[in-house]
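Geometric and topological summary
Take a look at the letters that make up each chain.
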Amino acid sequence: MNLDLVLASGSQIRAELLRNAWIRFDVIVARIDEDAIRRALEAEEASPRDIADTLAEMKARKVSDKTPGALVLGCDQVLAVDKTVFAKPQTPDEARSQLKMLRNRSHQLLSAAVLYQDGEPKWRHVGVVRLSMRDFSDSYLDGYIDRNWDSIRHSVGGYKLEEEGVRLFTQIQGDYFTVLGLPLLELLNHLTLTGRIDG
């Protein structure tokens, strides 16, 4: 097994971003109870930034403990509007409710990445993007969910910007890779500066 880098995530889009950047890696999905951890952090009134960072770190640490010597990348993404933190919708009705709450207002996506090696944190970054949704109609929303449920159920907030979800927005301020769930430029800069990849 190539342990140059281990991605502690089953996210297809994160894997695709790393492959497209010509980064060699293996995948070992971290098995943690994200919902329970998120609820505990919310009960402690942790900030959305801290929630994303903590979840990313727990994933990286869990896999790092099982892969001595490997550099392990843990990631997590949190959507925040005011003080409400969104998770991936479990049902089409939940997606509809989330998107109605986001309609005609702005929210933040926070994408955390943490690198661990031999059980120790080596690097971390939380990218933040501000997105503004348009005032779409209920009929468009219903059709959007019907057409896209199989895909958007894997996405916080119930949309994917790289697909039809882009039609829900009027403005995006920030890095596109961060929207997709991985602050890729910052990660690549770190890997280059530390000599782990050529640059």
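In this report, we go over the structure that sits alongside the text. Bear in mind the structure is a predicted one, so any value in this text is a computation, not a measurement.

The next thing to look at is the side chain of Gln77. Within the fold, Gln77 resides in strand β3 (residues 71-81). Overall, Gln77 belongs to the buried group, its relative accessible area being 13%. Polar contacts involving the side chain of Gln77 include one to the main-chain carbonyl oxygen of Val179, which spans 2.9 Å. Excluding anything up to four places from it in sequence, Gln77 contacts Arg14, Leu109, Leu110, Ser111, Val156, Thr178, Val179, Leu180 and Gly181.

Burial in helix α7 (residues 184-193) covers these residues: Leu184, Leu187, Leu188, His190 and Leu191. In an axial view of α7, the angular spread of the buried residues amounts to 160 degrees, which keeps them on one side of the axis. Here the buried face of α7 lies against α1 (12-20), β3, β5 (106-117), β6 (120-133) and α6 (176-180). At the exit of α7 stands Gly195, carrying a positive phi of roughly 75 degrees.

The buried fraction of β3 amounts to 11 of the 11 residues, a majority that puts the element mostly inside the structure. Judged by which residues are buried, β3 turns out to be covered on both faces: Leu71, Leu73, Cys75, Gln77, Leu79 and Val81 on one side and Val72, Gly74, Asp76, Val78 and Ala80 on the other are all buried. Bridging between strand β1 (residues 6-7) and β3 involves 2 bridges; their strand directions are parallel. Its bridge partner being in β3, Val6 is matched across the sheet by Val72. Note: β3 against β5, 10 bridges, orientation antiparallel. Note that in β5 the partner of Leu79 across the bridge is Leu109. Hairpin connection, β3 to strand β4 (residues 84-86): the antiparallel pair is bridged by 2 residues, and Asp82 has positive phi, about 55 degrees.

With that out of the way, let us pick up the nonpolar core. Counting residues in hydrophobic clusters, the biggest one holds 23 residues, and the most contacted among them are Leu99, Met133, Tyr144, Tyr159 and Leu168. Residues within four places of Leu99 in sequence aside, it is in contact with Met133, Phe136, Leu141, Tyr144, Ile145, Gly157, Gly158, Tyr159 and Leu168. In terms of nonpolar packing, the next biggest core, distinct from the first, is built from 21 residues, Val6, Ile37, Ala80 and Ala112 among them.

Reading guide: rules and limits
Residues numbered from 1 in each chain as written. Predicted model: local features only at pLDDT ≥ 70, side-chain atom pairs only at ≥ 80, totals over all residues. Heavy atoms only, no water. Helix = DSSP H or I, 4+ residues; strand = E, 2+ residues; numbered from the N terminus. Buried < 20%, exposed > 50% of the residue type's maximum accessible area, 1.4 Å probe, protein only. Polar contact = N/O pair within 3.5 Å; in protein donor to acceptor, adjacent residues only side chain to side chain. Contact = heavy atoms within 4.5 Å. Arc of directions from axis to C-beta. Pairing = 2+ DSSP bridges. Core = buried A, V, L, I, M, F, W, Y, C linked by side-chain atoms within 4.5 Å.

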